[in-house]
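The lines below spell out each chain.
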Amino acid sequence: MTPFPALFLGALIVTLLAEAILPAGRQWLPKEGGEDREPLRTGLGLWVGLMVSTLLAGVFQDRIPGSDGLRMGPSLWPLALAAAPLVIAALLSDFGRPRSERHALGLLLSGIALFSAGFSIAILTIPLKGTVAVGMVGQVILTTFWLFLLASIVELVSLIPLGVGIFGLAMAGVIWLSGGEQQSVASFGLAGIITGALVGRALGDLVRRRRLALGKAEIFGLGIWLTALTNISFLKSVALAGFVLPLGALAVAVILLTIRGFERSLLLRGAPRND
């Protein structure tokens, strides 16, 4: 027994309620022919489910069913605070025009905040040299780079139908199924929260009989939660080699072959330079 089932169910319920109750975002797409296009209606439930579930799990982390015999790992509630700069930057895009500069600033601030919250990369395995400890400055740089990489790949797979769901569930599933002494209440808990939130997001649209596009706050929120999960699970190399790079490569291939307006679709390049 692990904390995964309890937090999966909790995140599913929270996200389902958020997606069913909250209004849709109105993301203004880049102009075509000098006129604004109809705004893209986006969801908000996924990032709300991730943040609220994590805050609640952090408060009751030592009492979550299935946590007996496992080490605690880092406290979960600071993750919601660390995610705030990136989520706020993305929310401005969900209710306005996307701006790559705003997203990059949010990524940088949240990367630094992840380090401060205890979700940084502190140990690195180097070929022919073994495992080495990373200094404070190195931790900030590596953590921010890893966040940028995962958030960018979540962005890419969001352009493929069901891509984000498959990617997120696969990443969290590796942590859950691997088990072992290297996992903790925090890592099992985050895996449950991520999978529950993804399922709740899908069910929320079914309840309201609508299909909202993933909002930028939802995509970036998932990116930072996956970053935190891999940083505390000691499986970064497995996640990178087995899921992140292959799915990222697949996303790039599909996009280049099938999508014309590639630059306009990307979160990190969501607005023309002269906008």
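Residues numbered from 1 in each chain as written. Predicted model: local features only at pLDDT ≥ 70, side-chain atom pairs only at ≥ 80, totals over all residues. Heavy atoms only, no water.

1. Focus on the overall build of the protein chain
Thinking step 1. Of regular secondary structure, the protein chain possesses 10 helices and four strands.
Thinking step 2. Listed by position from the N terminus, the elements making up the protein chain come as α-β-β-α-α-α-β-β-α-α-α-α-α-α.
Thinking step 3. When contacts within the protein chain are restricted to residue pairs at least 6 apart in sequence, those whose partners lie at least 24 apart make up 77%.
Thinking step 4. Accessible area of the protein chain: about 12,700 Å², with a carbon and sulfur share of 69%. (Helix = DSSP H or I, 4+ residues; strand = E, 2+ residues; numbered from the N terminus. Contact = heavy atoms within 4.5 Å. Areas by Shrake-Rupley, 256 points an atom, 1.4 Å probe, with all protein chains shown as cover.)

2. A closer look at the nonpolar core
As a rule of thumb, nonpolar side chains are buried together in soluble globular proteins.
Thinking step 1. One finds Phe119, Leu190, Ile194 and Trp225 to be the most contacted residues of the largest nonpolar core, which totals 56 residues.
Thinking step 2. Those elements giving two or more residues to this core turn out to be helix H1 (4-21), helix H2 (45-59), helix H3 (77-94), helix H4 (100-117), helix H5 (136-157), helix H6 (163-178), helix H7 (185-207) and helix H8 (216-233).
Thinking step 3. The element that contributes the greatest number of residues to this core is H8, accounting for 10 residues.
Thinking step 4. Look past the residues within four positions of phenylalanine 119 in its chain and what remains in contact with it is Pro74, Ser75, Leu76, Leu79, Leu114, Thr143, Leu190, Ala228, Asn231 and Ile232. (Core = buried A, V, L, I, M, F, W, Y, C linked by side-chain atoms within 4.5 Å. Buried < 20%, exposed > 50% of the residue type's maximum accessible area, 1.4 Å probe, protein only.)

3. Quick word on the pattern of salt bridges
Thinking step 1. Under the definition given, this model contains six salt bridges.
Thinking step 2. Glutamate 19 is the salt-bridge partner of arginine 210, the closest N and O atoms lying 3.7 Å from each other. One end of the pair, arginine 210, is in the loop between H7 and H8; the other, glutamate 19, is in helix H1, and 191 residues separate them in sequence.
Thinking step 3. Here arginine 63 and aspartate 62 are joined by a salt bridge, their closest N and O atoms 3.5 Å apart. The same class applies to arginine 63 and to aspartate 62, which are both exposed.
Thinking step 4. One salt-bridge network, in which partners are shared between bridges, spans Glu19, Arg201, Asp205, Arg210 and Glu218. (Salt bridge = Lys/Arg side-chain N within 4 Å of Asp/Glu carboxyl O.)

4. Some details on a nonpolar patch on the surface
Thinking step 1. On the surface, Leu9, Ile13, Leu17 and Ile21 cluster together to form a nonpolar patch covering roughly 410 Å² of accessible area.
Thinking step 2. Position of leucine 9 relative to the elements: it lies in helix H1.
Thinking step 3. On the basis of relative accessibility, which here comes to 48%, the residue leucine 9 falls in the partly exposed class. (Patch = residues over 30% accessible without salt bridge, like charges linked within 9 Å, V, L, I, M, F, W, Y side chains within 5 Å.)

5. Remarks on H1
Thinking step 1. With 18 residues, H1 extends 26 Å from end C-alpha to end C-alpha; this agrees with the ideal 26 Å at 1.5 Å per step.
Thinking step 2. Among all positions in H1, only Phe4, Leu7, Ala11, Leu12, Thr15, Ala18 and Glu19 are buried. With its buried residues spanning 140° around the axis, H1 presents them on a single face.
Thinking step 3. Where H1 is buried, its residues meet H2, H6, H7 and H8. (Expected span 1.5 Å × (residues − 1). Arc of directions from axis to C-beta.)

6. Digging into the environment of arginine 26
Thinking step 1. Looking at where arginine 26 falls in the secondary structure, it is placed in strand S1 (residues 25-27).
Thinking step 2. When the C-alpha atoms of arginine 26 and glycine 96 are compared, they prove to be 6.9 Å apart, with 70 residues separating the residues in sequence.
Thinking step 3. Not counting the four nearest positions on each side in its chain, arginine 26 is found in contact with Pro39, Leu40, Thr42, Asp94, Phe95 and Gly96.

7. Brief notes about the side chain of aspartate 94
Thinking step 1. Tracing the backbone through its elements, the reader meets aspartate 94 in helix H3.
Thinking step 2. Here aspartate 94 occupies a buried position and makes no salt bridge, while the nearest side chain of opposite charge, lysine 216, is found at 6.6 Å.
Thinking step 3. Among the polar contacts made by the side chain of aspartate 94, one reaches the main-chain amide nitrogen of alanine 217 at a distance of 3.0 Å.
Thinking step 4. Setting aside anything within four residues of it in sequence, one finds aspartate 94 in contact with Gly25, Arg26, Gln27, Thr42, Leu44, Gly215, Lys216 and Ala217. (Lys, Arg positive; Asp, Glu negative; His and termini not counted. Polar contact = N/O pair within 3.5 Å; in protein donor to acceptor, adjacent residues only side chain to side chain.)

Everything listed here is a matter of geometry and, on its own, says nothing about what the molecule does.
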